[in-house]
Amino acid sequence: MGNTIYMDNSATTPLKREVLDAMLPYLTEEYGNASSIYSTGRSAKKAVDTARETVAAAIGAKPAELYFTACGSEADNWAIKGVAYACQNRGKHIITSAIEHHAVLHTTQYLEKQGYEVTYLPVDKYGLVRPADLEAAIRPDTILVSIMFANNEIGTVQPIADLAKIAKAHGVLFHTDAVQAIGNEEINVKELGVDLLSISAHKISGPKGVGALYIRTGVRIENFMHGGAQERNRRAGTENVAGIVGFAKAMELATDDIPAHKAKLCKLRDRLIAGIEERIPYCRLNGHREKRLCTNVNFSFQYIEGESLLLLLDMNGIAASSGSACTSGSLDPSHVLLAIGLPHEIAHGSLRLSLGDFNTEEEVDKVLDALVPIVQRLREMSPLYEEVK
């Protein structure tokens with residue numbers, strides 16, 4: 001990374017040295033297949049079993065309720081399609097929100113083509129789902145509610161326990177995509193009352209290519225991957241042993257002291273928000289000011305294009321984004337920003353700065369010092385801003 005100031009931790013995070021050290025033996029001498037019965041394979045299986053215990057314990061689950069996947073998107077797909085296919089004789093109605101990650105939205109859109117009905121709940125101007133809206137949307141044929149724990153673009157944290165309680169009262173399964181929340185919020189699946197929960201390793205300084213799905217004991221769900229007996233006959237495919245071991249180490253580090261982690265990053269986040277609001281006019285903080293991930297800062301700047309802003313920040317050695325990394329090639333404005341009521345022209349001028357363990361106050365100040373003249377420079381090129389002046 002050199003001298004780059006990395007502020008795109010919602011897209012991915014740098015691998016921690018302790019995680020790499022835990023993985024290395026399973027990339028070299030401990031190369032066994034966890035499904036093999038001889039000693040090398042048994043060693044790999046033991047490593048996977050131990051990792052499963054660690055990751056499950058971190059979210060208050062039983063090891064038997066945790067299934068490793070290739071990523072958070074796979075976990076989302078499995079949760080939604082798995083329930084949809086398993087419960088289709090009881091109903092074909094699914095409820096989600098308008099601001100979900102595309103791993104959820106594209107999955108529900110796929111199911112709509114197969115005859116399922118999907119209700120996309122609106123959100124308020126802060127990106128919050130209203131419990132009353134969920135209550136009103138549930139029907140006798142509703143089989144699943146899927147609401148993300150925290151939004152990947154604007155950082156708003158949803159009242160998951162309240163929403164899950166409503167679903168449970170109606171006998172409806174509840175899934176939450178907790179990919180952005182893990183390590184940043186205290187998560188206990190039993191206290192939340194969720195039936196399914198998706199997480200990913202690379203958002204907590206773990207390796208890419210490994211995630212997990214929590215499936216509460218007793219929940220019926222169709223298999224998503226077929227071909228072998230791995231993951232207790234639920235998810236075929238040779239286990240990514242090194243990745244799974246790295247996931248467990250990353251989870252252990254990320255959940256060791258969440259209050260201290262949040263205190264540090266909230267301080268950096270609030271310093272960044274205050275600096276932008278004090279020094280740059282015609283800007284809008286997107287997302288809830290308090291019910292917000294400690295890592296997330298998202299602003300819309302009037303009279304500029306977000307793409308130009310990102311390119312100029314990159315030229316100044318600052319890595320940031322305008323929204324989800326999964327839609328970085330799209331020219332369309334963020335569906336999340338449109339859902340909270342922003343007009344297209346303002347949604348196009350958005351910037352997401354997402355913090356991580358490695359960021360410092362000095363970096364925050366350097367970003368502010370670079371951002372102020374960049375925004376001013378871009379506005380000077382805008383005929384609309386010229387009119388405002």
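To keep things clear, this report deals only with the structure shown in the data block. From a predicted model like this one, the values you see are computed outputs, not experimental measurements.

Looking now at the overall build of the protein. Scanning the protein from terminus to terminus reveals 15 helices and 12 strands. Expected size for 389 residues packed as a compact globule is a radius of gyration near 21 Å; at 22 Å, the protein falls within 12% of this value. A principal-axis box enclosing the C-alpha atoms of the protein has dimensions of 70 × 55 × 35 Å. Sorting the 389 residues of the protein into buried and exposed places 54% on the buried side. For the protein, restricting intrachain contacts to residue pairs at least 6 apart in sequence, the fraction spanning at least 24 positions comes to 73%. Each charge class in the protein can be summarised by its mean position, and for the 40 positive and 48 negative side chains these summaries are 4 Å apart.

Before going further, it helps to examine the pattern of salt bridges. Throughout the structure, instances matching the rule amount to 20 salt bridges. Between Asp 357 and Lys 16 there is a salt bridge, with its nearest N and O atoms 2.8 Å apart. Residue Asp 357 is found in the loop between strand S12 (350-354) and helix H14 (361-380), and its partner Lys 16 is found in the loop between strand S1 (5-6) and helix H1 (17-23); the two are separated by 341 residues along the sequence. What makes Asp 357 partly exposed here is its relative accessible area of 32%.

The next thing to look at is the sheet that holds strand S9 (residues 283-285). Pairing is antiparallel in the open sheet, where 3 strands are placed in the order S9-S10-S12. Bordering the open sheet on either side are S9 and S12, each of which pairs with just one other strand. On average, each strand axis in the sheet is tilted by 25° relative to the strand beside it, whichever way the strands run. Taken together, the 3 bridges between S9 and strand S10 (residues 296-301) define a ladder with antiparallel strand orientation. Looking across to S10, one finds that Cys 283 is bridged to Phe 301. Against the sheet, helix H10 (residues 258-279) contacts S9, S10 and S12, and its axis sits at roughly 15° relative to S10.

Let us look at the sheet that holds strand S6 (residues 173-177). One key point about sheets: their strands pair by backbone hydrogen bonds, in either a parallel or an antiparallel sense. Taken together, 7 strands build an open sheet; the order of strands is S2-S8-S7-S6-S5-S3-S4 and the sheet is mixed. The open sheet has two free edges, formed respectively by strand S2 (66-69) and strand S4 (117-121), since each of these has just one partner strand. Pairs of neighbouring strands in the sheet enclose a mean axial angle of 20°, with direction left out of account. Sheet topology note: the strand S3 (residues 93-97)/strand S5 (residues 142-146) ladder contains 4 bridges and is parallel. Within S5, the residue paired with Ile 95 across the bridge is Val 145. Against the sheet, helix H6 (residues 160-169) contacts S5 and S6, and its axis sits at roughly 155° relative to S6.

A few words now on the packing of H10 against H14. Between H10 and H14, the shortest axis-to-axis distance is 10 Å and the interhelical angle comes to 20°. One finds that H10 runs roughly parallel with respect to H14. The element H10 and its partner H14 pack so that their crossing is right-handed. Of the residues in H14, those in contact with Lys 267, Leu 268, Arg 271, Leu 272, Gly 275, Ile 276 and Arg 279 of H10 are Glu 361, Val 364, Asp 365, Val 367, Leu 368, Asp 369, Leu 371 and Val 372.

The volume enclosed by the second largest pocket comes to roughly 320 Å³. Of all elements in the fold, only helix H9 (241-254) and H10 reach the threshold of two or more residues within the lining of the second largest pocket. Its residues assigned to classes, the lining of the second largest pocket comprises 9 nonpolar, 10 polar and 5 charged.

Moving on to the pairing of strand S7 (residues 196-200). Within S7, 5 of the 5 residues are buried, which leaves it mostly tucked inside the rest of the structure. Two elements, S6 and S7, share 3 bridges in a ladder whose sense is parallel. Bridged to Asp 177 within S7 is Ser 198. Taken together, the 5 bridges between S7 and strand S8 (residues 211-215) define a ladder with antiparallel strand orientation. Looking across to S8, one finds that Leu 197 is bridged to Tyr 214.

Another aspect to go through is the packing of helix H11 (residues 306-315) against H14. Following both chains from N to C, one finds H11 and H14 inclined at 135°, their axes separated by 10 Å at the closest point. With respect to each other, H11 and H14 are oriented oblique. Here H11 runs over H14; the crossing is right-handed. Residues Ser 308, Leu 309, Leu 312 and Leu 313 of H11 touch H14, and the partners they reach there are Leu 371, Ile 374, Val 375, Arg 377 and Leu 378. Broken down by class, the residue content of the contact of H11 with H14 amounts to 7 nonpolar, 1 polar and 1 charged.

Here the focus is the pairing of S4. Inspection of the sheet shows S3 paired to S4 by 5 bridges, in the parallel sense. For Ser 97, the partnering residue across the bridge sits in S4 and is Leu 121. In terms of handedness, the path from S3 via helix H4 (residues 102-112) over to S4 forms a crossover that is right-handed.

Below, the discussion takes up the nonpolar core. Core analysis: the biggest nonpolar cluster contains 64 residues, and Ile 59 and Phe 247 have the highest contact counts within it. Considering every element that reaches this core, the biggest residue donor is H9, with 9 residues. Ignoring sequence-local partners within four residues, the contact set of Phe 247 consists of Val 55, Phe 68, Ile 199, Ser 200, Ala 201, Ile 204, Pro 207, Val 210, Gly 211 and Ala 212. Within the second largest apolar cluster, 30 residues are counted, among which are Ile 5, Leu 268, Ile 318 and Leu 351.

Cut-offs and rules
Residues numbered from 1 in each chain as written. Predicted model: local features only at pLDDT ≥ 70, side-chain atom pairs only at ≥ 80, totals over all residues. Heavy atoms only, no water. Helix = DSSP H or I, 4+ residues; strand = E, 2+ residues; numbered from the N terminus. Rg over C-alpha atoms; globule rule 2.2 N^0.38 Å. Buried < 20%, exposed > 50% of the residue type's maximum accessible area, 1.4 Å probe, protein only. Contact = heavy atoms within 4.5 Å. Lys, Arg positive; Asp, Glu negative; His and termini not counted. Charge placed at Lys NZ, Arg CZ, Asp CG, Glu CD. Salt bridge = Lys/Arg side-chain N within 4 Å of Asp/Glu carboxyl O. Pairing = 2+ DSSP bridges. Axes fitted to C-alpha atoms, helices over the stretch in contact; angles between N-to-C directions. Parallel < 35°, antiparallel > 145°, perpendicular 65-115°, else oblique. Left-handed = near helix turned anticlockwise from the far one by under 90°. 1 Å grid on protein atoms, 1.4 Å probe; cavity = no way out; pocket = protein on both sides within 12 Å on 5 of 7 lines; lining within 4 Å. Points joined across faces, edges and corners; volume = space filled by probe spheres on them. Nonpolar A, V, L, I, M, F, W, Y, C, P; charged D, E, K, R; others polar. Right-handed = clockwise from strand over helix to strand, strands pointing away. Core = buried A, V, L, I, M, F, W, Y, C linked by side-chain atoms within 4.5 Å.

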